Amino acid sequence: MNNQTDAGVRSPATEAPAWWKTAVVYQIYPRSFADSDGDGIGDLPGITSRLDYLVQLGVDVIWLSPVYRSPQDDMGYDISDYQDIDSTYGTLDDFDALLAAVHQRGMRLIMDLVVNHTSDEHPWFVESRSSRDNPKRDWYWWRPARSGMRAGDPGAEPTNWGSAFSGSVWELDETSGEYYLHLFSRKQPDLNWENPEVRQAVYAMMRWWLDRGVDGFRMDVINFISKDPALPDGHTRRGGRYGDGRDHYLCGPRIHEFLREMHDEVFAQRTGELLTVGEMPGVTVAEAVLFTDPVRAEVDMVFQFEHVSLDEGAIKWDLQPFQLLDLKGSFGRWQAGLAEVGWNSLYWNNHDQPRVVSRFGNDGSHRVLAATMLATVLHLHRGTPYIYQGEELGMTNAPFDSIDDFRDIESVNHYAEALASGRSPDEILRGLRAKSRDNARTPMQWDDTPQAGFTTGTPWIAVNPNHTEINAAAAVSDQDSTFHYYRRLIELRHTEPAVAHGDFTMHAAHDENVYAFVRRANDVQLLVLGNFSDEVSRVRIPDAAQWQTAEVLISNYVAAAESDELAGAEDEIVLRPWEALVYRRPDNPLTASSPGGP
Ligand code: TEU
């Protein structure tokens, strides 16, 4: 975020592009990364001990999922003290040591800012709950029962909204006889951002961490902080028990005002090169342009959810087959929509999503090829790429056997609610195995020892048994591994201007198996090709023959193809199963760059 003086003034094209446009971010989920004290849970000294691995990978920024004091009801996204470290993860001294070690290695570290809600054990909420006339009562959303109804009666909740973690968003506090709002678990009460005291308290906390040296924030469900104060009911889906309140709290009426105020109160006076990324479920391209337009000084980029919702029906557990055309349609819209103003973040994985090689790829016979093809397609788009721990190893979804293997509140609550509504355990488990967030949360696979080098104790969640094959030690010592392929992709973003700054042109938009696009900058064109199929695929590309005489910048097949294996027609390029290919050539205006081509 270029902080000073740029708010309201569009910076001249000559101004140096923001540093994060050539950066690659690595997300660490501390609970599952590296355990230094054998208690089976990852911690800060564990992370510090593994920083040289990240230096070797070549990433620029570390995003640390929450390590603050927390009852861990939602694995740390329920914070009871924003300015202290949970003892499971270590101490503030451990944190300072980690931050110093990160900076010494030329990397940056951003914290997870979780301020749509706190933990119900946070002193703010403990006070707010203590009595109706407590000065902090209005720091949260308290409401009496629905008019004409008695508190506690079914349907007496102030609105009909359903929580992301099953059940109602309202919890009755017997003592005061009123309900409080929690869009997530009942131990995550929503803060009332309408109250300026709340906002100032949050800004002071953010300044405290920036003064401590952190380099920015990933902001949790930050587009949920402005609610429609009237709190109207949501529309209900046929057969749905609860209404969908998102129309009343997703990108609410004061969201831009709040983010602009946050910028002015927290970032505007700072000179450091900071990064802010807003997690924004349900955000549209048009809204993202407003949020990420530097002139408006709100956030640098957003996490949008369109592509991670392509394989789901009405709800996330209702599995739908993945269609490449849908993905190309979505990414194409976001690339075009933020081409002139704003900036995209690029991700396949995080701590809330199943592993992409199992989801959109092939985690069996073609795992390495699928993982590296998916990486190529993502990292060559225009935007800032995010790598989730283990993605660079091609880690897969886990073989969960029964509900007892799951730990995530969203999964466990869904199982209970679906069972109560009469669905069979097998049917529910099918959805959980494919989509549960726990697929992302199995321990990092450092080596092939019993607990994958993650811990000397008993891990809080089972290690994936395929760690004997898929692990960092094996990958780092194998030049043809996914690890070294990611390292080369990251290097490309640092060295090839077209990767970070080039414009984007989709090709073969209607091809069901191949993703093809051109990036262009500074007299260089890159043709990026990815085959999303177990079979050989042929794709029609303008200038196909010329392209195939161009320099191959990167490809995920070690061995060049036999000539006859890929014989194709004049205007097509033939790709092997899960093949990724990136050609580079001078940007000669005579050559075709627009989709139709001359
Ligand atoms: O996630 C918000 C969010 O949209 C997800 O919970 C999403 O609904 C779900 O994962 C899709 O299945 C953020 C954090 O990333 C998540 O870990 C937290 O649980 C949540 O907010 C509440 O803080």
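Residues numbered from 1 in each chain as written. Predicted model: local features only at pLDDT ≥ 70, side-chain atom pairs only at ≥ 80, totals over all residues. Heavy atoms only, no water.

Topic: the overall build of the protein
A tally of helices and strands in the protein yields 16 helices and 22 strands. What you see for the protein is a C-alpha radius of gyration of 24 Å, in line with the 25 Å of a compact globule of 598 residues. Here the protein holds 598 residues, and 60% of them are scored as buried. Across the protein, contacts joining residues at least 24 apart in sequence account for 72% of those joining residues at least 6 apart. Counting every atom, the protein has about 22,400 Å² of accessible surface; 49% of that belongs to carbon and sulfur. Measuring between centres, the 53 positive side-chain charges of the protein sit 3 Å from its 91 negative side-chain charges. (Helix = DSSP H or I, 4+ residues; strand = E, 2+ residues; numbered from the N terminus. Rg over C-alpha atoms; globule rule 2.2 N^0.38 Å. Buried < 20%, exposed > 50% of the residue type's maximum accessible area, 1.4 Å probe, protein only. Contact = heavy atoms within 4.5 Å. Areas by Shrake-Rupley, 256 points an atom, 1.4 Å probe, with all protein chains shown as cover. Lys, Arg positive; Asp, Glu negative; His and termini not counted. Charge placed at Lys NZ, Arg CZ, Asp CG, Glu CD.)

Regarding helix α12 (residues 425-435)
Turning to α12, its buried residues are Ile428, Leu429, Gly431, Leu432 and Lys435. Take α12 and look down its axis: the buried residues cluster within an arc of 160°, on one side only. Away from its buried face by more than 90 degrees, α12 exposes Asp426 and Arg430. Residues of α12 that are buried sit in contact with α9 (356-359) and α11 (409-420). (Arc of directions from axis to C-beta.)

Looking at the site of the ligand
The full set close to the ligand counts 18 residues, and Asp74, Asp220, Lys316, Asp352 and Glu410 are the nearest of them. Protein contacts shield 91% of the accessible area of the ligand, which totals 490 Å² for the unbound molecule. Residue composition of the shell around the ligand, by class: six nonpolar, three polar and nine charged. (Near = heavy atom within 4 Å. Nonpolar A, V, L, I, M, F, W, Y, C, P; charged D, E, K, R; others polar.)

Notes on the packing of aromatic side chains
If you walk through the whole model with that rule in mind, you get 35 aromatic pairs. Between tryptophan 124 and tryptophan 139, the ring centres sit 5.1 Å apart and the planes meet at 65°, which makes this aromatic pair edge-to-face. One end of the pair, tryptophan 124, is in helix α4 (residues 123-130); the other, tryptophan 139, is in the loop between α4 and β6 (142-143), and 15 residues separate them in sequence. An identical accessibility class is assigned to tryptophan 124 and tryptophan 139; each is buried. Their ring planes at 80° and their centres at 4.9 Å tell us that phenylalanine 125 and tyrosine 140 sit as a pair that is edge-to-face. Taken together, the residues phenylalanine 125 in helix α4 and tyrosine 140 in the loop between α4 and β6 connect sequence positions 15 residues apart. Across the pair, tyrosine 140 and phenylalanine 125 agree in class, each one buried. Just above the ring of tryptophan 142 sits the side chain of arginine 137; from NZ or CZ to the centre is 3.7 Å. (Phe/Tyr/Trp six-rings, centres within 6.5 Å; stacked < 30°, edge-to-face > 60°. Lys NZ or Arg CZ within 6 Å of the ring centre and 35° of its normal.)

Details of the environment of leucine 183
If you trace the backbone, leucine 183 turns up in the loop between β8 (178-181) and α5 (196-211). Excluding residues within four positions of it along the chain, leucine 183 makes contact with Asn116, Trp161, Ser163, Ala164, Val169, Asp190, Phe224, Lys227 and Tyr249.

Some remarks on the sheet that holds strand β16 (residues 503-507)
As summarised here, the arrangement of the five strands in space is β16-β17-β18-β22-β20, forming an open sheet in which the pairing is antiparallel. Here the strands that pair on one side only, and so sit at the sheet edges, are β16 and β20 (551-555). Taken pair by pair, the neighbouring strands of this sheet meet at an average axis angle of 20°, ignoring direction. Judged from the seven bridges that link them, strand β18 (residues 524-531) and strand β22 (residues 580-586) form a sheet pairing that is antiparallel. Directly across from leucine 529, in β22, lies its bridge partner leucine 581. Sitting on the sheet, helix α8 (residues 324-337) is in contact with β16 and β17 (514-521), with an inclination near 20° to β17. Contacts between helix α14 (residues 482-495) and the sheet are confined to β20 and β22, with β20 contributing the most and set at about 130° to the helix. (Pairing = 2+ DSSP bridges. Axes fitted to C-alpha atoms, helices over the stretch in contact; angles between N-to-C directions.)

Considering the sheet that holds strand β2 (residues 61-64)
Strands sit in the order β13-β12-β9-β5-β2-β1-β15-β14 across an open sheet of eight strands; the sheet is parallel. Lying at the two open borders of the sheet, with one neighbouring strand each, are β13 (301-303) and β14 (345-346). As paired elements, strand β9 (residues 216-219) and strand β12 (residues 275-279) share four bridges and run parallel to each other. Bridge pairing in β12 places arginine 218 opposite valine 277. Packing of helix α3 (residues 92-104) onto the sheet brings it into contact with β2 and β5 (108-113), and relative to β5 it is tilted by some 140°.

Brief notes about the nonpolar core
Generally speaking, a soluble globular protein has its nonpolar side chains buried in company with each other. In this structure, Met206 and Met262 are the most contacted members of the largest nonpolar core, which totals 171 residues. Ranked by size, the runner-up nonpolar core spans 14 residues in total, among them Ala516, Val539, Ala550 and Tyr583. (Core = buried A, V, L, I, M, F, W, Y, C linked by side-chain atoms within 4.5 Å.)

A word on the pattern of salt bridges
Tallied over the full model, the rule gives 45 salt bridges. Linking lysine 187 and aspartate 120 is a salt bridge whose minimum nitrogen-to-oxygen distance equals 2.7 Å. Residue lysine 187 is located in the loop between β8 and α5, and its partner aspartate 120 is located in the loop between β5 and α4; the two are separated by 67 residues in the primary sequence. On the basis of relative accessibility, which here comes to 17%, the residue lysine 187 falls in the buried class. The partner of aspartate 153 in a salt bridge is arginine 150, with the nearest N and O atoms 3.2 Å apart. On the basis of relative accessible area, aspartate 153 is assigned to the partly exposed category, the value being 23%. Given the relative accessible area of 60%, arginine 150 is considered exposed. Overlapping salt bridges, with partners in common, bring together Asp74, Lys316, Asp352, Asp408, Glu410, Arg437 and Arg441 in one network. (Salt bridge = Lys/Arg side-chain N within 4 Å of Asp/Glu carboxyl O.)

Considerations on the packing of helix α6 (residues 255-267) against helix α7 (residues 285-292)
It is at 11 Å that the axes of α6 and α7 come closest, and there the two elements cross at 25°. As summarised for this structure, α6 and α7 are arranged roughly parallel, according to the angle between their axes. Pair α6 / α7 crosses with right-handed handedness. Of α7, the residues touching α6 (which contributes Ile255, His256 and Leu259) are Glu287, Leu290 and Phe291. (Parallel < 35°, antiparallel > 145°, perpendicular 65-115°, else oblique. Left-handed = near helix turned anticlockwise from the far one by under 90°.)

So, α3
For α3, with 13 residues, the first-to-last C-alpha span of 18 Å sits near the 18 Å given by 1.5 Å per residue. What α3 keeps buried is the set Leu92, Phe95, Leu98, Leu99, Ala101 and Val102. In the core, the buried residues of α3 are packed alongside α1 (44-48), α2 (51-57), β2, β4 (81-85), β5 and α5. A positive phi of about 75° marks glycine 106, the residue just after α3. (Expected span 1.5 Å × (residues − 1).)

Points about the pairing of strand β7 (residues 170-173)
Two strands pair when backbone bridges link them, and β7 and β8 are joined in this way by four bridges, in the antiparallel orientation. If you follow leucine 172 over to β8, its bridge partner there is tyrosine 179. A loop of four residues connects β7 with β8, the two strands running antiparallel in sequence, and glycine 177 in this loop sits at a positive phi of about 70°.

Remarks on the side chain of lysine 227
Inspection of the secondary structure puts lysine 227 in the loop between β9 and β10 (235-236). In this structure lysine 227 comes out as buried when scored by relative accessible area, which is 0%. Within the structure, lysine 227 has its side chain in polar contact with the side chain of aspartate 190 (distance 2.8 Å). Beyond its immediate sequence surroundings of up to four residues, lysine 227 is in contact with Asn116, Trp141, Leu181, Leu183, Asp190, Leu191, Glu194, His248, Tyr249 and Pro253. (Polar contact = N/O pair within 3.5 Å; in protein donor to acceptor, adjacent residues only side chain to side chain.)

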